[in-house]
Amino acid sequence: MQPGGKSLRKIAVVGRGTAGCLAAASVTSLHPDGDHELHHIYDSRIPVIGVGEGSWPSLVQQLQQLTHLPHETVQQRLNGTRKYGVAFEGWGRRNRDFTHYFTPQQVSYAYHLSADLMADLLEASTRARHIDAKVLDIARVDGGARVELEGLPPERYDLVFDARGFPKELDPARHIEISFIPTNTAVIRRCPAIVEEEGDGPVRQHTYTRAVARPHGWIFVIPLTVHTSYGYIFNRGLCSLDDVEADFDAFLESDGVAEFEQRAVIPFPNFVHRQVYDGAVARIGNAAAFMEPLEATAIVSAQLQVGMVLHMRLNRSPVNVESDAPAVNRFLVGSMLRYGLFVGWHYSRGSRYDSEFWRHARDHVWPRHRKAAHPEVVGCDALRRFDEMMELLSQPVIDRADWDRMCAVPLTSYAQMSQGLGW
Ligand SMILES: Cc1cc2nc3c(=O)[nH]c(=O)nc-3n(C[C@H](O)[C@H](O)[C@H](O)COP(=O)(O)OP(=O)(O)OC[C@H]3O[C@@H](n4cnc5c(N)ncnc54)[C@H](O)[C@@H]3O)c2cc1C
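All figures in this text were calculated on a predicted structure; none of them were measured in a lab.

Engineer: Explain the site of the ligand here, please?
Structural biologist: Among the 30 residues in the neighbourhood of the ligand, the closest are listed as Arg16, Ile46, Gly54, Asn286 and Ile299. Here Val135 contributes a backbone N or O atom positioned 2.8 Å from a nitrogen atom of the ligand. The backbone of Asn286 places a nitrogen or oxygen atom 2.8 Å from an oxygen atom of the ligand. Elements that contribute at least two residues to the shell around the ligand include exactly helix H1 (18–30), strand E12 (185–191) and helix H6 (297–315). Residue composition of the shell around the ligand, by class: 17 nonpolar, eight polar and five charged.

Below, the structure written as structure tokens:
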């Protein structure tokens, strides 16, 4: 039934962050032959990012399928809460708070989760040989890829998932910069829990990621059962870290948070790799694409990358691998860019703050999107698909046949954001 299984005998996953663990567990779960060889390679001296605590509803189903554990057990193992959407405070031109719900509203939920516990949970469902070594290079060879390891002989694989995290620097020949997103740095703090645990069971309370506009950017608030995670997302080119820390202090004080633990300052790129998949090497997670965490698009993107590549490789005949690769790549690059357009659009109507950051974001950064995502620059039709959603939103009546349309996220997400932002 799965003609590709026979040509996928030896697979490597490089990286033990969220993306690598998801890939390794997916290979174990989806590969039809139990005797395939899976090597999970990571360098324990290189830390994982470890934030990444918001998700989309598809993760709830997927974790159940990968772990074979009941949903309640998965949620508790993740110190998780049920995320029904994102609560926006101070965004847009209406000076009105609003919520972007998952659809169906109040039914569909995702998790707020502890990223390191998710890695442990997935690893417990993975059958692999673990190799703790630095990967020096991953190169395509005839019919597969060769991985060079520090202090060990090189290995050849039929498929390699490269989940080594952010690229060291962006190179226009290899990366599409999402220059229409105005932020590039996060300050992470951890504060006491605010959700109430109920007896022995999972927390059933409906929770939301708060996305609070602030003068220098915005703050996320993610409630887990053991702590609450706060992150100030800003542009380090526009203001100093001291200014951000001072505004962060003021926000926590006004929120009634008496104590916090400073966790990290994380610079990040907003980009999509032009070559996510070439037939033998699949970049996944932060190695493939990243954009600021406003809509928690990273884990769901990794799910899509891993799922798409594995399904194509297992379900298509091996003779199609080379000819499928460009189409799969174009689909994945386009999907990541569509997420980027959706996220960048959130800044298009400014916020309640008439500050340097918000004027810059609204008047200078978002207007770049047409040039930056032009099909000739990016090699895919993400911009056209985004424009089609904008056109639908401007119609007096949206035809029933269009209700299920998507551009990375469903039309309902666009409609809610459009209303909320005052678009
Ligand atoms: C501020 C912030 C907030 C975020 N919030 C969210 C969120 O709410 N929701 C969400 O979905 N995502 C979020 N993310 C994204 C989150 O980072 C990713 O979902 C997740 O961490 C995926 O990372 P990764 O597995 O690709 O890479 P990493 O976590 O960076 O892991 C890289 C792995 O590769 C290994 N490695 C690296 N180089 C080598 C080498 N040469 N040889 C061997 N091994 C190597 C490392 O040891 C490590 O195991 C956020 C990110 C940031 C910065």
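Engineer: Before we go on, may I ask you to explain the pattern of salt bridges in this structure?
Structural biologist: Any two side chains of opposite charge can pair if their charged atoms end up close together. Here the structure, examined in full by the defined rule, presents 29 salt bridges. One salt bridge connects Arg9 with Asp33, and the closest N-O pair in it is separated by 3.1 Å. With Arg9 in the segment before strand E1 (10–14) and Asp33 in the loop between H1 and strand E2 (37–42), this pair connects stretches of sequence that are 24 residues apart. The class of Arg9 is partly exposed, set by a relative accessible area of 27%.

Engineer: What should I look at first to understand helix H4 (residues 115–124) in this one?
Structural biologist: Residue pairs spaced three or four apart in an α-helix point in one direction, given the helix's 3.6 residues per turn. Those residues of H4 that sit buried are Ala115, Met118, Ala119, Leu121 and Leu122. All buried residues of H4 project into a common sector of 165 degrees when viewed along the axis, lining one side. Looking at the buried positions of H4, the neighbouring elements they touch are H1, helix H2 (58–67), helix H3 (71–77) and H6.

Engineer: Looking at this structure, how should I read the sheet that holds strand E11 (residues 175–177)?
Structural biologist: The strands that make up a sheet pair up through hydrogen bonds in the backbone, lying either parallel or antiparallel. Reading across the sheet, the three strands line up as E11-E17-E19 and stay open at both edges, with antiparallel pairing between neighbours. The sheet terminates laterally at E11 and strand E19 (289–290), the two strands that pair on one side only. Two elements, E11 and strand E17 (residues 271–273), share three bridges in a ladder whose sense is antiparallel. The residue of E17 that forms the bridge with Ile176 is Val272. Most of the contacts of helix H7 (residues 321–345) go to E17, to which it runs at about 175 degrees, and overall it touches E11, E17 and E19.

So, how was this worked out
- Residues numbered from 1 in each chain as written.
- Predicted model: local features only at pLDDT ≥ 70, side-chain atom pairs only at ≥ 80, totals over all residues.
- Heavy atoms only, no water.
- Near = heavy atom within 4 Å.
- Polar contact = N/O pair within 3.5 Å; in protein donor to acceptor, adjacent residues only side chain to side chain.
- Helix = DSSP H or I, 4+ residues; strand = E, 2+ residues; numbered from the N terminus.
- Nonpolar A, V, L, I, M, F, W, Y, C, P; charged D, E, K, R; others polar.
- Salt bridge = Lys/Arg side-chain N within 4 Å of Asp/Glu carboxyl O.
- Buried < 20%, exposed > 50% of the residue type's maximum accessible area, 1.4 Å probe, protein only.
- Arc of directions from axis to C-beta.
- Contact = heavy atoms within 4.5 Å.
- Pairing = 2+ DSSP bridges.
- Axes fitted to C-alpha atoms, helices over the stretch in contact; angles between N-to-C directions.

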